[in-house]
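Now for the letters of each chain:
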Amino acid sequence: MKIQAINGFKDILPDSIGRWQLIEQRARDIFERFGMQEIRMPILEKTELFVRSIGSATDVVEKEMYTFADKGITMRPEATASIMRAFIEHGLHVQQPVQRLYTIGPMFRHERPQKGRLRQFHQLDAEIIGAAEPRIDAELIAMGQMLLDELGLTVSLELNSLGCPVCRPPFKERLVAFLEQQTDSLCDDCKRRTHTNPLRVLDCKKPACRAVAQEAPSLLDVLCPDCDRHFQEVRQALTELGIPFRINRFMVRGLDYYTRTTFEFLTTDLGAQAAVGAGGRYDGLIEQLGGPALSGIGFAMGLERLALLMEQQDGRTLPASAMDIFLAALGGTALAPCSQLAHSLRQQGAKTAIDYSGRSLKAQLKQAGRMNARYTLIVGEDEWMRGEGILRNMRTQEQHSFALTGSVTEQARRLIDVLRTMAA
Ligand code: HAM
């Protein structure tokens, strides 16, 4: 029997890698414009890190983590907790009070696989640690929006505030009291959540629970003065930067560490409404993990979802990677000098392909076409004896002779010059 990849784990094949590379390059470029530095963390962490940061009553921790129970370790389901662990462990704030960090890599959640939802997926994650000003929230959100804009994607931005340890607990009590009166209308999950994680009831997708949520009290009405002012200033700063958004008082996010500003970049183009990216503030998290009392805010975007959305909204096929030149050596004596020439062309930066099989010219030209070679240098026994090759423009099919004289390095240099002048 053939061995296949595990359900929810996917290969990213060469014909779609162009989109991934483009997204990653654009993200690095934009993140660095905002002064962000890359950090890479291990994929495995102590399970306790995720339980303490994401929260024991969340779906991620309750049922989605890939955990090696006997070893007490888990494959990271997200990046924020690991970045905070690294930040605290290496005392990064001592060198630089405000840290701007980003990472790109695989995450693991045992969810039901479907379009844009995998068990191994990839995130672009950006965090600003050590700054609490509302303009920081706006700047970070604007950075995410800039990436989406530069990728040519249209998504909508939704915003909410989840308050802080001053205003959220009394709100939760009010919410629980309200939900207890509506128990009969709630789905089984929400009946349980009423006592384990009542805020989650507000973003349940089931119609009956949604109807209850519509009538539920809103945290935005009871934010404490500090949170209320912070949220107002975030909205003001976003407006100043020309970033459109919509307030969604039902957005609660699936991870427990959030405080104050939360946001999601949403699309309906991937089936049901899906978040291509999401994030928020987590002002108590670092202290809760044993670090200094510093605030933080960040977001993560799903690379699979960005790539799918690009395919959907843009439709353009990315140009397949092209070779500068293909060397078609015909006959035994031409093979050794051609392979030396190929090596020298590569040393001097040209994307070069060569066929060692000694196949017919027709077969080799076909191969050059498949590899998207712009030119083919044909070197047969006779040409080699005369010290020349035939340079063929693969698009126009025009052919010129090319002198194979001087050292291999000189030949390669001249050939690259000729390709450049022909392309110009
Ligand atoms: P999250 O909302 O759990 O937040 O995930 C962020 C993004 O990752 C989602 O919007 C989605 O695009 C992508 N994503 C999540 N799960 C999957 C999956 N199973 N398959 C494909 N894509 C997925 C976080 O992870 C937070 N750490 C974000 C954050 C950073 N908050 C503050 N800083």
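A quick note: this is a predicted structure, and the numbers were derived from the prediction, not measured.

## Observations concerning the environment of Gly-55
Here comes step 1: Examined against the element boundaries, Gly-55 turns out to sit in the loop between helix H2 (47–54) and helix H3 (59–64).
Here comes step 2: In this structure the C-alpha to C-alpha distance between Gly-55 and Tyr-257, which are 202 residues apart in sequence, comes to 7.3 Å.
Here comes step 3: Non-local contacts of Gly-55, meaning those with residues more than four positions away in its chain, are made with Phe-50, Val-61 and Asp-256.

## Section: the sheet that holds strand S11 (residues 296–302)
Here comes step 1: Strand order in the open sheet made by the eight strands is S1-S5-S6-S11-S10-S9-S7-S8, with mixed pairing throughout. The open sheet terminates on both sides in strands that have one partner only, identified here as strand S1 (37–38) and strand S8 (246–247).
Here comes step 2: Pairing geometry for strand S7 (residues 156–161) and strand S9 (residues 259–267), over six bridges, is antiparallel. Each residue of the ladder has a partner; that of Ser-161, found in S9, is Thr-261.

## A look at the packing of aromatic side chains
How two aromatic rings sit relative to each other is given by the distance of their centres and the angle of their planes.
Here comes step 1: Applying the stated criterion across every chain, the model contains eight aromatic pairs.
Here comes step 2: On the numbers, 6.0 Å between centres and 80 degrees between planes, the contact of Phe-9 with Tyr-66 is edge-to-face. With a gap of 57 residues between them, Phe-9 in the segment before helix H1 (14–33) and Tyr-66 in strand S3 (residues 66–68) connect regions that are remote in the sequence.
Here comes step 3: Using a relative accessible area of 22% as the deciding quantity, one classes Tyr-66 as partly exposed.
Here comes step 4: A ring pair is formed by Phe-263 and Phe-299, whose centres lie 6.4 Å apart and whose planes are at 75 degrees; its orientation type is edge-to-face. Linking Phe-263 in strand S9 with Phe-299 in strand S11, this pair joins segments that are 36 residues apart in sequence.
Here comes step 5: Overall, the relative accessible area of 0% leaves Phe-263 in the buried class.
Here comes step 6: Connected via pairs of aromatic rings, a cluster forms that spans Phe-31, Tyr-102, Phe-263, Phe-265 and Phe-299.

## Examining the packing of H1 against helix H13 (residues 303–314)
The axes of two packed helices give the description: the angle between them and the distance between them.
Here comes step 1: Contact pair H1 / H13: the axes reach a minimum separation of 10 Å and the direction vectors enclose 115 degrees. Classed by the angle they form, the pair H1 and H13 counts as roughly perpendicular. As H1 runs across H13, the sense of the crossing is right-handed. Contacts between H1 and H13 involve Arg-19, Trp-20, Leu-22, Ile-23 and Glu-24 from the first element and Leu-303, Glu-304, Leu-306, Ala-307, Met-310 and Glu-311 from the second.

## Concerning the site of the ligand
Here comes step 1: Taken together, the neighbourhood of the ligand is formed by 27 residues, with Glu-78, Thr-80, Glu-111, Arg-253 and Tyr-258 sitting nearest.
Here comes step 2: One of the backbone N or O atoms of Leu-118 is found 2.9 Å from a nitrogen atom in the ligand.
Here comes step 3: A distance of 3.5 Å separates an oxygen atom of the ligand from a polar atom in the backbone of Gly-277.
Here comes step 4: For the ligand, whose free accessible area comes to 660 Å², the fraction covered by protein is 95%.
Here comes step 5: Looking at the shell around the ligand, the elements that each hand over two or more residues are strand S6 (120–129), strand S10 (274–281) and S11.
Here comes step 6: Residue composition of the shell around the ligand, grouped by class: eleven nonpolar, eight polar and eight charged.

## Looking at the pairing of S7
Strand residues, when the strand is regular, have side chains that alternate between the two faces of the sheet.
Here comes step 1: Most of S7 sits out of view: five of its six residues are buried.
Here comes step 2: In this structure, S7 lies alongside S8, joined through two bridges in parallel fashion. Looking across to S8, one finds that Leu-159 is bridged to Ile-247.

## Re the sheet that holds strand S2 (residues 44–46)
Here comes step 1: Spatially, S2-S4-S3 is the arrangement adopted by the three strands of the open sheet, whose pairing is antiparallel. The outermost strands of the open sheet, each flanked by one partner alone, are S2 and S3. If you compare each strand with its neighbour and ignore which way they point, the axes differ by 30 degrees on average.
Here comes step 2: Pairing of S3 with strand S4 (residues 73–75) involves three bridges; the strand directions are antiparallel. The residue of S4 that forms the bridge with Tyr-66 is Met-75.
Here comes step 3: Those strands touched by H2 are S2, S3 and S4, and its axis lies near 70 degrees from that of S2.

## Some points on helix H7 (residues 168–181)
Here comes step 1: Relative to the 20 Å expected for 14 residues at 1.5 Å per residue, H7 spans 20 Å between its end C-alpha atoms, a close match to the ideal helical length.
Here comes step 2: Among the residues of H7, Arg-168, Phe-171, Leu-175, Val-176, Phe-178 and Leu-179 are the ones counted as buried. On an axial view of H7, the arc spanned by its buried residues comes to 165 degrees, and they lie on one face. Exposed positions of H7 whose direction lies more than 90 degrees from the buried face are Glu-173 and Gln-181.

Rules used throughout
Residues numbered from 1 in each chain as written. Predicted model: local features only at pLDDT ≥ 70, side-chain atom pairs only at ≥ 80, totals over all residues. Heavy atoms only, no water. Helix = DSSP H or I, 4+ residues; strand = E, 2+ residues; numbered from the N terminus. Contact = heavy atoms within 4.5 Å. Pairing = 2+ DSSP bridges. Phe/Tyr/Trp six-rings, centres within 6.5 Å; stacked < 30°, edge-to-face > 60°. Buried < 20%, exposed > 50% of the residue type's maximum accessible area, 1.4 Å probe, protein only. Axes fitted to C-alpha atoms, helices over the stretch in contact; angles between N-to-C directions. Parallel < 35°, antiparallel > 145°, perpendicular 65-115°, else oblique. Left-handed = near helix turned anticlockwise from the far one by under 90°. Near = heavy atom within 4 Å. Polar contact = N/O pair within 3.5 Å; in protein donor to acceptor, adjacent residues only side chain to side chain. Areas by Shrake-Rupley, 256 points an atom, 1.4 Å probe, with all protein chains shown as cover. Nonpolar A, V, L, I, M, F, W, Y, C, P; charged D, E, K, R; others polar. Expected span 1.5 Å × (residues − 1). Arc of directions from axis to C-beta.

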